[in-house]
Amino acid sequence: MRRISIFVSVVLFCSVGLIAQDELASYQGMMKAAAGANGPMRKAVADKDAAAVKANAEKMASAMDDIAKFWAGKHNADAQKFAETARDAAKAVAGGDDSALAKIGPTCQGCHAITRAGNDFKK
Ligand code: HEC
């Protein structure tokens, strides 16, 4: 009996670990998409290259939408709000409102402050 329960605990422990790994990998994919669009979007705004602004801001908006859904699923309303703010600002930038760019940076820092420990999820 005791052996069985140890076995069950080990299996449970490992599967929880696996889910966390999967989640982390998929989260990092979304975060990389957002972060990867950030630089080119800002450069395109500076260069007044409207087509590149639109393309990169839309990439950012779509990644932030995925990120908002991720945090909604985790019931982390503060992180969800940061991602939604970034998504809406990126949509405005895509629509030609350059001033919305200023709203994106604070969401990066604000969300990292509450969700990250160094480069890892806060436990
Ligand atoms: C809603 C919350 C949230 C927002 C908004 C956010 N981040 Fe993140 N970011 C995270 C979390 C959580 C991690 C850590 C993931 C992990 O544990 O690897 C992270 C990781 C990163 C990483 C490291 C990715 C890697 O290679 O592992 C970069 C780069 C990054 N963010 C850039 C940005 C930039 C740029 C912005 C704004 C445009 C931004 N983030 C906005 C939550 C957020």
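Everything that follows concerns the structure shown earlier in this document.
Residues numbered from 1 in each chain as written. Predicted model: local features only at pLDDT ≥ 70, side-chain atom pairs only at ≥ 80, totals over all residues. Heavy atoms only, no water.

1. Details of the site of the ligand
Which entries qualify depends on this criterion: Being near a molecule or strand, for a residue, comes down to having at least one heavy atom within 4 Å of it. As used in this structure description, the phrase polar contact means that two N or O atoms lie within 3.5 Å; if the pair is within protein, one of them must be able to donate a hydrogen and the other to accept it, and residues adjacent in sequence are counted only when both atoms belong to side chains. Runs of H or I in DSSP of at least four residues are treated as helices and runs of E of at least two as strands, each being numbered from the N terminus. Gly is put with the polar residues, along with every residue not named as nonpolar or charged; the nonpolar set is Ala, Val, Leu, Ile, Met, Phe, Trp, Tyr, Cys and Pro, and the charged set is Asp, Glu, Lys and Arg.
Around the ligand sit 23 residues, and of these Met31, Cys108, Cys111, His112 and Phe121 come closest. Residue Gln28 places a side-chain N or O atom 2.8 Å away from an oxygen atom belonging to the ligand. His112 places a polar side-chain atom, nitrogen or oxygen, 2.8 Å from a nitrogen atom of the ligand. Residue assignment for the shell around the ligand shows that the elements contributing at least two residues are α1 (2-47), α2 (50-73), α3 (77-94), α4 (104-115) and β2 (120-121). For the shell around the ligand, the per-class residue count stands at 14 nonpolar, six polar and three charged.

2. So, the pattern of salt bridges
Test applied: In the sections that follow, a salt bridge refers to a side-chain nitrogen of Lys or Arg positioned within 4 Å of a carboxyl oxygen of Asp or Glu. The cut-offs for exposure are 20% and 50% of the maximum accessible area for each residue type, with area from a 1.4 Å probe on protein chains only; residues under the lower value are buried, those over the upper are exposed, and the others partly exposed.
Under the defined criterion, the tally for this structure stands at six salt bridges. The partner of Lys74 in a salt bridge is Glu23, and the shortest N-O contact between them spans 2.9 Å. Placement of Lys74 in the loop between α2 and α3 and of Glu23 in helix α1 is noted, with a sequence separation of 51 residues between them. Judged by its relative accessible area of 39%, Lys74 is partly exposed. The exposure class of Glu23 is partly exposed, given its relative accessible area of 29%. Residues Arg87 and Asp88 are paired through a salt bridge, measuring 3.0 Å at the closest nitrogen-oxygen approach.

3. Some details on unusual backbone geometry
Positive phi outside glycine occurs at Lys48, with the angle close to 55 degrees. Here Lys48 is to be found in the loop between α1 and α2. Phi at His75 takes a positive value of approximately 55 degrees, unusual for a residue other than glycine. For His75, the position within the fold is in the loop between α2 and α3.

4. Comments concerning the side chain of Asn56
Heads up, the rule is: Whether two residues touch is decided by their heavy atoms; if any such pair falls within 4.5 Å, the residues are in contact.
Secondary-structure assignment places Asn56 in helix α2. A polar contact is formed between the side chain of Asn56 and the backbone oxygen of Ala52, at a distance of 3.0 Å. The contacts of Asn56, once residues within four sequence positions are left out, are Ala37, Pro40 and Met41.

Everything listed here is a matter of coordinates, which is why it stays silent on function.
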